[in-house]
Every structure is written in C-alpha cells, then in structure tokens.
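So the chains spell out like this:
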Amino acid sequence: MSVRVRFAPSPTGALHIGGVRTALYNYLFARQQGGKFLLRIEDTDQNRFVPGAEDYIIESLKWVGLIPDEGVGFGGDYGPYRQSDRKAIYQKYALDLVERGHAYYAFDTPEDLEALRQKEANFTYNQFTRSSLVNSLTLSESELRARLEAGTPYVVRLKVEPDVEIRIRDLIRGEVVFHSSEVDDKVLLKADGMPTYHLANIIDDHLMEITHVIRGEEWLPSTAHHVLLYQGFGWADTMPQFAHLPLILKPVGNGKLSKRDGAKFGMPVFPLDWVGATEEDRFPGFREAGFLPQAVVNFLALLGWHPGGDQELFSIEELISAFSIEHISKSGARFDFEKAKWFNQKYIQASAPEYLAGLIKPLAETKGYSVSAAFLLQVVALMKERVTFLPDFIEQGYYLFERVREYDTETVQKKWTANTAVLFSDMMRFLEQIEPFEATNLEASVKQFVQEQGVKPGDVLPLLRIALAGTMKGPAVFDMAVALGREETLARLQLFVNTFNR
RNA sequence: GGUCCGUUCGUCUAGGGGUUAGGACACGUCCCUUUCACGGAUGAAACACGGGUUCGAUUCCCGUACGGACUACCA
C-alpha cells in the first residue's frame with residue numbers, strides 16, 4: 001500500500017511555525033516513500049473561523065515549497081478536502097456508529113454540563129456518569145423518538161466500553177497504553193450538525209486512505225479516542241500508524257512557543273506576515289523578515305529531528321533521502337532564533353547572485369531606488385558575505401544606493417591631519433585620470449600614490465572608506481569605488497573634504 | 001488534581017553498557033584582513049537525582065525531582 005499522509009490545519013488564524021514543521025515532516029516522509037502529501041482544511045469550528053486563514057496556509061506552504069499533491073486548492077480524487085464541505089458525510093457515519101452501538105445521542109445542553117462542572121470540578125461525561133445524564137442510553141425508546149421528532153438539539157457521543165486497554169504503537173514513542181476508564185465519552189457530532197475534530201479526522205483519514213498520521217504531541221492523549229473510533233467503525237485493520245511530534249518550546253522560560261513570543265523576543269514565529277483585523281492580531285513573518293525559504297526549511301527540519309552525523313546543511317533533496325520518523329526526538333525543542341539566523345546567512349552565501357538580485361530588487365524599489373540588474377549584481381557581490389537577512393543588502397549597504405547620510409566623525413577626527421585636504425585634492429586629480437578604473441589597479445595605484453606623498457596607507461585608506469560609505473564597516477574600499485563609478489567616487493570625496501575641511 | 005509524554009554542553013543535537021561523550025549555534029582567544037564580515041584555528045561548556053541490574057552504567061529497569069501536553073458541543 002502506498003504512503004499517503006496529510007497536513008490538516010484549521011483556519012483559525014496564521015499558521016504557526018510549528019505547523020509548518022509538521023507539514024514539512026509529512027512532506028519529507030511522503031516524498032521519500034514515493035507517497036502522496038495532502039492538505040486538508042479542518043474548519044469544523046464555525047465560531048473560530050477566520051477569513052483569509054485558508055489562503056494564508058496555502059501561500060505559506062507554497063512559499064516554503066511544500067506543495068501538496070492533493071487538497072484544497074490542489075485538486076485530487078479524494079475530495080472535497082475542506083471539512084465544512086463534507087458535513088453530510090460525517091452525519092451519516094455518526095448515525096451509523098450509533099446503530100453499531102458505539103455511540104449514542106445526548107441531550108444535555110452545554111448549560112447543563114456547565115452547571116455540573118460548577119458543582120463538581122472534575123466532572124466528566126463518561127462511562128460512569130452517563131447513566132445519570134440525559135441520553136439515548138437512559139431514555140426510553142418512546143422518549144427518545146419523541147425528542148428526535150420534536151427536533152430537540154442533540155450531540156452524538158462516543159460510547160466508551162468499560163475495562164478495556166487501548167494500546168497505541170507510536171512510531172516515535174513506542175507503545176503507549178490507556179485504560180478505557182480514563183477515556184471520556186467525547187462529543188463526536190455537535191448540536192450544529194458539524195463533527196468534532198475527533199470524528200472528522202477518523203472518517204477523513206479512512207476515506208482518504210491515509211497511512212500515517214504525523215501530528216503534534218498535543219494529540220497523543222486523544223489518540224485513545226481515535227483508536228476506539230477506528231475499532232467502532234470496523235476499520236481497525238486499516239488504521240493509520242501514528243507519530244506524535246515533540247513540541248516547539250519558547251526560546252527562554254517555560255512552555256510551548258506562542259504567537260506572543262514573536263513580539264517578546266523580536267523575531268517572527270509565523271512563515272508570512274499576518275495582518276488580522278485588529279492591531280494586536282498582526283504578526284511578522286519569516287518571509288518578510290528576509291529569510292530564504294530554503295533556510296527556514298533546513299532550520300525547521302533540524303528542530304526535533306536529526307539523521308545522525310555532523311551535517312548541518314541539507315538541501316531539500318538531502319532531507320528527503322535522509323528523513324526517518326525513527327530519528328525524530330521525543331523531547332520538545334527550544335526555538336533558537338540565533339540558529340535560524342545562521343542558517344539564513346549560510347543560505348544567502350550559497351545562493352546564486354542572480355537569485356539574490358531578483359529577491360532584493362523589490363526591496364530596493366520600495367526604498368525608492370531605481371537601479372539596473374547589473375548594479376544589483378554588484379551590490380550582491382559586495383554584501384553577500386556580510387548580511388544575515390535580505391533587507392540587509394539595502395539597509396546595511398544603503399550607501400551603495402545613495403550618498404552617505406552620516407559620517408563616522410570619531411574616526412575622521414582621529415585620522416584627519418593638516419594636510420589631509422590637500423592630499424585628497426591631489427588624490428582626486430589622480431583618480432580622475434587613472435585607467436582602468438578597476439579594483440586591483442585602483443588599489444595598487446592608490447597605495448603607490450599615497451606612499452609617494454609620504455603618507456602611510458593606514459592613515460588615508462580609512463578616510464577614503466568613510467568618504468565613500470560613512471562607516472568603517474563594509475566591503476573593500478576599491479570594490480566600492482568601482483561599483484560607485486569614477487564620477488560618484490570623486491563627488492563623494494569632494495563632499496567629504498567640504499564637510500571636514502574647516 | 002487525574003492521565004499521558006519527556007529529561008546529554010546556555011541552545012539544537014550525535015552517541016550508546018567499557019568513548020579523551022562528537023558536531024553545530026551562541027560566547028572567549030588567536031590567525032587572515034590597514035575596515036566590517038567571510039574563512040581558519042583554538043578554548044570554556046553536558047549525560048537531572050537516587051536506587052537497582054551488571055565486572056562495569058550516561059546508555060537497561062524502578063523511583064524521585066523537574067518540564068510539557070491533554071483533561072470543551074476548540075482544533
């Protein structure tokens with residue numbers, strides 16, 4: 001049987017970076033096994049539905065390159081892939097389960113249950129309490145029929161049999177055992193006719209012939225219910241295998257990574273910018289922060305998984321061939337933004353100049369710079385080894401696009417002497433006619449010129465650098481001069497002399 | 001509270017009954033470089049604790065502690 005896995009987020013807002021990792025692991029597994037990777041939208045909670053979230057999820061997956069083989073927006077033979085479009089299917093199966101004796105109607109209202117919880121803090125609807133509640137197990141047949149015919153709202157609940165051991169073989173954690181006395185009678189079908197996650201995911205996974213369920217650790221406790229459902233439907237022999245992923249934890253402190261941590265630690269925790277309706281519902285994304293999707297993938301892949309060995313940088317092809325569920329860690333992994341930055345830097349260094357130039361072009365344009373592709377290529381060559389994020393090309397290297405905004409006056413004062421102005425004027429005349437205006441020639445000639453003037457290069461070159469860039473940081477001076485061109489270089493030298501020669 | 005899951009340098013992790021416990025990020029020092037980075041070298045830094053099992057446990061078992069998830073007509 002060929003592998004089929006799914007990523008099944010619910011459209012309640014921006015897709016958390018942990019969700020991206022779950023999608024990635026599913027994707028890697030599917031690709032490696034020659035199987036299919038599907039996207040299913042779990043929108044059975046009408047109250048939590050957020051417009052735009054579905055598009056956001058799809059765009060996120062596309063950005064990181066995890067293209068589903070089937071799913072909402074991707075076609076496929078097992079649709080519909082949006083659960084709200086499958087409502088009738090769940091109702092049919094829920095009633096089927098009632099007939100099989102593995103589920104029952106319950107008429108207790110949310111208010112009834114809330115009142116019970118008030119009275120008894122740990123109240124649970126289960127095999128011990130259901131006999132004293134209002135459901136098809138306690139109602140007579142005629143009472144039941146009367147309520148159903150009157151259209152009384154009801155839910156369908158799982159009927160958990162007493163004294164049964166539920167064994168789960170988790171691919172990551174080994175065998176996990178639950179006793180049915182600890183398993184409650186979960187709601188399967190809600191009063192609005194929609195299924196809960198538990199029902200919908202079992203029916204869909206069965207109908208969509210899912211072979212492996214790779215999902216977050218938060219689902220481990222409810223897997224007992226899921227196993228019972230497979231058995232109740234008579235699908236035990238085709239039940240998928242489970243793999244419960246460790247959580248992604250906060251960078252510091254306790255608990256899992258939350259969307260608030262982004263603002264708190266000044267880093268994105270979402271793949272793309274999310275712009276919600278309110279000011280508080282806005283979050284930055286990795287893409288807009290200037291990450292390369294390949295770097296995000298590499299970073300995420302290694303956050304909770306490692307194939308063994310010392311390799312850190314993996315192409316997507318390498319990830320696919322090296323991936324194995326058995327090598328996924330059991331414990332939660334802290335989100336280390338410093339490591340994410342390192343990956344990005346590495347991927348920028350390794351990227352083709354043309355690719356980078358294409359990515360920074362729109363960034364330059366929003367800053368109001370209109371530059372040629374050739375010039376962008378020069379910027380990339382100059383800045384590639386010293387940036388972490390894509391916008392750094394423009395922001396750190398702004399002086400390649402416009403004139404110096406601010407000089408490092410401290411260094412200027414340290415190096416400026418009585419004859420600096422004269423020296424610079426002579427150097428400008430020298431630069432005016434030097435041929436070719438090219439880095440190695442410039443370097444050799446200018447150094448020689450400076451020496452002939454009886455000055456040490458160390459006294460002049462820093463000033464030359466500041467004249468062109470304003471700062472002591474940055475690319476090699478003569479490379480910058482070439483990128484700027486002869487005319488602009490001379491103009492900046494003149495400007496520099498004018499500024500400091502008082 | 002109950003159930004379940006987990007615990008190797010600060011962080012991500014490799015490893016696995018006998019190892020100088022390996023790599024990477026971050027950090028320190030040095031080299032390269034008349035800048036900054038890149039690169040190279042190097043240093044500091046870990047098996048939560050207590051019992052077993054064993055000739056020998058960081059590795060296997062059991063506890064304890066700590067951390068986490070779940071405990072909705074949310075997913």
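Residues numbered from 1 in each chain as written. Chains lettered and ligands numbered in written order. Predicted model: local features only at pLDDT ≥ 70, side-chain atom pairs only at ≥ 80, totals over all residues. Heavy atoms only, no water.

In this section: the domain arrangement of chain A. Its domain assignment divides chain A into domain 1 (85–204), domain 2 (260–350) and domain 3 (353–500). Once you take the C-alpha centre of each, domain 2 and domain 3 turn out to be 35 Å apart. Each side of the interface is counted separately: domain 2 has 12 residues, and domain 3 has 11 residues. Around 940 Å² of area is buried between domain 2 and domain 3 when both sides are counted, 62% of it from carbon and sulfur atoms. Considering only the side of domain 2, the residues that lose the most area to domain 3 are Leu292, Ile348 and Gln349, jointly responsible for 50% of the buried surface there. Inspection of the region where domain 2 meets domain 3 yields 0 salt bridges. At the surface where domain 2 touches domain 3, the tally comes to 3 residue pairs in polar contact (both at pLDDT 80 or more). When residues of the side of domain 2 that touches domain 3 are traced back to their parent elements, those giving at least two are α10 (293–301) and α12 (337–350). For the side of domain 2 that touches domain 3, the element with the highest residue contribution is α12, accounting for 6 residues. Partitioning the side of domain 2 that touches domain 3 into residue classes produces 6 nonpolar, 5 polar and 1 charged. (Domains from an automatic or database assignment. Contact = heavy atoms within 4.5 Å. Buried area = accessible area lost by both parts, 1.4 Å probe. Salt bridge = Lys/Arg side-chain N within 4 Å of Asp/Glu carboxyl O. Polar contact = N/O pair within 3.5 Å; in protein donor to acceptor, adjacent residues only side chain to side chain. Helix = DSSP H or I, 4+ residues; strand = E, 2+ residues; numbered from the N terminus. Nonpolar A, V, L, I, M, F, W, Y, C, P; charged D, E, K, R; others polar.)

A word on the packing of helix α14 (residues 373–383) against helix α20 (residues 477–484). Look at α14 against α20: their axes get within 10 Å of each other, and the N-to-C directions meet at 170°. With respect to α20, the element α14 is oriented roughly antiparallel. Across the interface between the two elements, Phe375, Gln378 and Leu382 from α14 touch Asp479, Met480, Val482 and Ala483 from α20. In the contact of α14 with α20, the residues fall into 5 nonpolar, 1 polar and 1 charged. (Axes fitted to C-alpha atoms, helices over the stretch in contact; angles between N-to-C directions. Parallel < 35°, antiparallel > 145°, perpendicular 65-115°, else oblique.)

What follows is about the protein's contact with RNA strand B. Inspection of the region around RNA strand B gives 65 residues, with Lys190, Glu385, Arg386, Pro457 and Met472 positioned closest. Proline 110 is positioned such that a nitrogen or oxygen atom in its backbone is 3.3 Å from a base nitrogen of RNA strand B. Take arginine 173: an N or O atom from its side chain is 2.4 Å from a sugar or linking oxygen of RNA strand B. Looking at the surface near RNA strand B, the elements that each hand over two or more residues are α4 (110–119), β5 (155–158), β7 (174–179), β14 (333–334), α12 and α19 (457–469). In terms of residues, the surface near RNA strand B owes the most to one element, α12, which gives 6 residues. Class assignment of the residues belonging to the surface near RNA strand B gives a composition of 23 nonpolar, 17 polar and 25 charged. (Near = heavy atom within 4 Å.)

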